[in-house]
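Fold and contact review
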Amino acid sequence: MSSTGEQDKDRNPSEAAAYDGADIYAEDGSVRSDYLMHVGAAIADRDLLYLRQHVARLHASEMGDLLEAIQLDQRRALVSLLGDDFDLSALTEVDEAIRLDIVEHLPNEQIAAALGDMDSADAVYILEDLDQEDQEEILSKLPFTERVRLRRSLDYPESTAGRRMQTEFVAVPPFWTVGQTIDYMREDDDLPESFTQIFVIDPTFKLLGALDLDRVLRAKRSVKIETIMRDTNHPVPAEMDQEEAAQLFEQYDLLSAAVVDENSRLVGVLTIDDVVDVIQEEAEEDLMRLGGVGDEELSDSIASTSRSRVPWLMVNLLTAFLAASVIGLFEATIQQIVALAVLMPIVAGMGGNAGSQTMTVTVRALATRDLDIHNAWRIVRREAGVGLLNGMLFGVLIGIVAGAWFLDYNIGGIIAAAMLINMIAAALAGIMIPLLLDRFGADPAVSSAVFVTTVTDVTGFFAFLGLASWWFGVV
């Protein structure tokens, strides 16, 4: 085997150097295949010099993309080879399954040492997925103050502002002067790496106000903080759901917000970078739930993926039997008029698509609080109108096509009427079912799709076959 220096030389240093930073990405945003090839070769050859120069220096998000792009055995080997040079904050950028796999193969001493260099929000993000025993062992290896801060965050429920907050912040008493505050920020080594706000507290840590850094820099050193501070912009209760906190940031264009406990004492700060992650997570979660796949991730195993999908597929199977039973009621009609068997999937399919459109808009509106009891009836009327208009449009279109296809305009008229009925039913189901589920405390993103599809299938089949049986006098 060649030496480390020869290995790096064989990989063409000028070419390898081009892989720093954003250059590891191809035009489509994926990690470049030639870069992956070089990294894979370096891992196989245990080329530490190459890995430290061209992998360890990557930004945490870039390292996360790399970890997701390489194979499982390469991933474990890379983290092991980099050792203390591996930036543990990269694990906040990967799927949960990948994060757990890597953490399980790292010694707790290394994890504790890495957490000491991370902000508290990222540290909690990694710790919260570990079992209690590992959590306690890692926390026991941290300095007392840092251990207390992380435990306080972990004590808050999952998906709350308390779990997302950073416990590093700058707080001063109201009687300090601007000069004292500036000197404190210059001399204290335990300040956050970056911050935009200074919070004002009383001796019990009760939040009194806040001021932005630009306000401090513009004031004279002799000015007291209490004379230039302002009321805190929308303090966030630590128990508040992270999605609600994100909506506050969106509504009031916040860059950061104080997090307070039930006694209005300052316990942390929520920053815009954490909120952006929350918004992305919540959007992905809503999208996945609409498909009935829960919190499934691409890195999940075949068995776990199958388990997560089975429950709603089972519910869908049961509702499919309900739709099939409706068809069975009109078996005699279908036997006499074969065209009905050809055309009836069109009515149900169009209704299903229309219902899904309305349902998607409704679920998103409920999630963003744009739809509530005050405007629900107006939106229901609007969707019914949309269903009526689209039903008339597509009813006439499919009626003409079906009549010409089977040379029977009775069939065309029947399918046009059925299409109109089902499109209205689809629009109403698409909005009413999510509203009812939300009203009774169920998650409309998870449950709506199956019920809306059932309504459109049953209504479509019953309307089409029922009208045909009545029109043609089939008993």
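The rules we used
Residues numbered from 1 in each chain as written. Predicted model: local features only at pLDDT ≥ 70, side-chain atom pairs only at ≥ 80, totals over all residues. Heavy atoms only, no water. Pairing = 2+ DSSP bridges. Helix = DSSP H or I, 4+ residues; strand = E, 2+ residues; numbered from the N terminus. Contact = heavy atoms within 4.5 Å. Axes fitted to C-alpha atoms, helices over the stretch in contact; angles between N-to-C directions. UniProt positions renumbered as here; feature names shortened; annotations may be inferred. Salt bridge = Lys/Arg side-chain N within 4 Å of Asp/Glu carboxyl O. Buried < 20%, exposed > 50% of the residue type's maximum accessible area, 1.4 Å probe, protein only. Right-handed = clockwise from strand over helix to strand, strands pointing away. Polar contact = N/O pair within 3.5 Å; in protein donor to acceptor, adjacent residues only side chain to side chain. Phe/Tyr/Trp six-rings, centres within 6.5 Å; stacked < 30°, edge-to-face > 60°. Parallel < 35°, antiparallel > 145°, perpendicular 65-115°, else oblique. Left-handed = near helix turned anticlockwise from the far one by under 90°. Nonpolar A, V, L, I, M, F, W, Y, C, P; charged D, E, K, R; others polar. Domains from an automatic or database assignment. Buried area = accessible area lost by both parts, 1.4 Å probe.

Let's talk about the sheet that holds strand β4 (residues 236-237)
- If you walk across this open sheet you meet the 3 strands as β4-β5-β6, and the pairing is mixed. Across the chains shown, the open sheet's two edge strands, defined by having one partner strand only, are β4 and β6 (266-271).
- Pairing of β4 with strand β5 (residues 256-260), which is carried by 2 bridges, proceeds in the parallel orientation. What sits directly across from Val 236, in β5, is Val 259.
- Strands β4, β5 and β6 of the sheet are contacted by helix α16 (residues 242-252), whose axis makes an angle of about 65 degrees with β6.

Remarks on the UniProt feature "domain: CBS" (unreviewed entry) in the protein chain
- In the numbering adopted here, UniProt assigns the feature "domain: CBS" (unreviewed entry) to residues 229-285.
- Annotation note: span residues 229-285, helix share 44%, strand share 23%, distance between end C-alpha atoms 39 Å.

Notes on the pattern of salt bridges
- Using the criterion set out here, one finds 13 salt bridges in the structure.
- For the salt bridge of Arg 32 with Asp 34, the shortest nitrogen-to-oxygen distance reads 3.0 Å.
- The exposure class assigned to Arg 32 is partly exposed, which follows from its relative accessible area of 24%.
- Its relative accessible area of 27% is what places Asp 34 among the partly exposed residues.
- Of the charged contacts, one joins Arg 163 and Glu 128 as a salt bridge, the two residues approaching to 2.7 Å between their closest N and O atoms. Pair noted here: Arg 163 is in helix α12 (residues 161-164) and Glu 128 is in the loop between α9 (120-127) and α10 (132-140), with a separation of 35 residues, a long-range link.
- The exposure class assigned to Arg 163 is buried, which follows from its relative accessible area of 15%.
- Assessed through its relative accessible area of 23%, Glu 128 is described here as partly exposed.
- Residues participating in the shared-partner salt-bridge network are Asp 183, Arg 186 and Arg 221.

Overview of the sheet that holds strand β2 (residues 197-201)
- In spatial order, the strands read β1-β2-β3; together these 3 strands make up an open sheet with mixed pairing. Edge strands, defined here as strands with exactly one partner in the open sheet, are β1 (171-172) and β3 (207-212).
- The pairing of β1 with β2 spans 2 bridges and is classified as parallel. The residue bridging Val 172 from the neighbouring strand is Val 200, located in β2.

Observations regarding the pairing of β5
- For β5, the tally of buried residues reaches 5 of 5 residues, placing the bulk of the element in the interior.
- Burial of β5 is two-sided: the residues Ser 256, Ala 258 and Val 260 facing one way and the residues Ala 257 and Val 259 facing the other way are all buried.
- Sheet topology places β5 next to β6; 5 bridges connect them, and they run antiparallel. The residue bridging Val 260 from the neighbouring strand is Leu 266, located in β6.

Focus: the environment of Gly 473
- Here Gly 473 is to be found in the segment after α23 (444-472).
- The exposure class assigned to Gly 473 is exposed, which follows from its relative accessible area of 55%.
- Distance in space between the C-alpha atoms of Gly 473 and Thr 333 is 9.1 Å, their sequence separation being 140 residues.

Remarks on the pairing of β2
- Burial runs high along β2: 5 of the 5 residues are buried.
- Alternating residues of β2 divide into Gln 197, Phe 199 and Ile 201 and Ile 198 and Val 200, and every residue in both groups is buried.
- Each parallel crossover has a hand, and for β1 linked through helix α13 (residues 178-187) to β2 it is right-handed.
- One ladder, built from 5 bridges, connects β2 with β3; its direction is antiparallel. Paired with Phe 199 across the two strands is Ala 210, which belongs to β3.
- Linkage of β2 to β3, two consecutive antiparallel strands, is achieved through a turn of 5 residues, within which Phe 205 is found at a positive phi near 70 degrees.

A short note on the side chain of Ser 448
- For Ser 448, the position within the fold is in helix α23.
- A distance of 2.5 Å separates a polar side-chain atom of Ser 448 from the backbone oxygen of Pro 444.
- Every residue in contact with Ser 448, bar those within four places of it in the chain, is listed here: Met 359, Val 363, Ile 433, Pro 434 and Leu 437.

Focus on the environment of Ala 324
- With respect to the element layout, Ala 324 can be found in helix α18 (residues 302-329).
- With a relative accessible area of 41%, Ala 324 lands in the partly exposed category.
- Considering only alpha carbons, one finds Ala 324 and Leu 115, 209 residues apart in sequence, at a separation of 57 Å.

Observations concerning the packing of aromatic side chains
- Under the defined criterion, the tally for this structure stands at 4 aromatic pairs.
- Where Phe 330 meets Phe 462, the ring centres are 5.7 Å apart and the plane angle is 75 degrees; that geometry is what we call edge-to-face. Here the residue Phe 330 occupies a position in the loop between α18 and α19 (331-336), and Phe 462 occupies one in helix α23, the gap between them amounting to 132 residues.
- Residue Phe 462 is classed as partly exposed on the basis of its relative accessible area, which comes to 46%.

Focus on the side chain of Thr 319
- Position of Thr 319 among the secondary structure elements: in helix α18.
- If we skip the residues at most four places from it in the chain, Thr 319 touches Val 450 and Thr 454.

Focus on the packing of helix α8 (residues 108-115) against α10
- Orientation of α8 relative to α10, taken along the N-to-C sense of each, is 60 degrees, at an axis distance of 9 Å. It follows that α8 is oblique to α10 by the angle criterion. In this structure, the crossing between α8 and α10 has a hand that is right-handed. Between α8, through Asn 108, Glu 109, Ile 111, Ala 112 and Leu 115, and α10, the contact on the second element is made entirely by Asp 134, Glu 137 and Ile 138.
- A breakdown of the residues in the contact of α8 with α10 according to their chemical character gives 4 nonpolar, 1 polar and 3 charged.

A few points about the domain arrangement of the protein chain
- Each domain of the protein chain was delimited in the assignment, giving domain 1 (33-159), domain 2 (171-270) and domain 3 (305-472).
- Look at where the C-alpha atoms of domain 1 and domain 2 centre, and you get two points 31 Å apart.
- Each partner contributes residues to the interface: domain 1 has 4 residues there, and domain 2 has 7 residues.
- Taken together, the two surfaces of domain 1 and domain 2 that pack against each other cover about 510 Å², and 45% of this comes from carbon and sulfur.
- The largest contributions to the domain 1 side of the interface with domain 2 come from Arg 152, Tyr 156 and Ser 159, which together make up 82% of the buried area.

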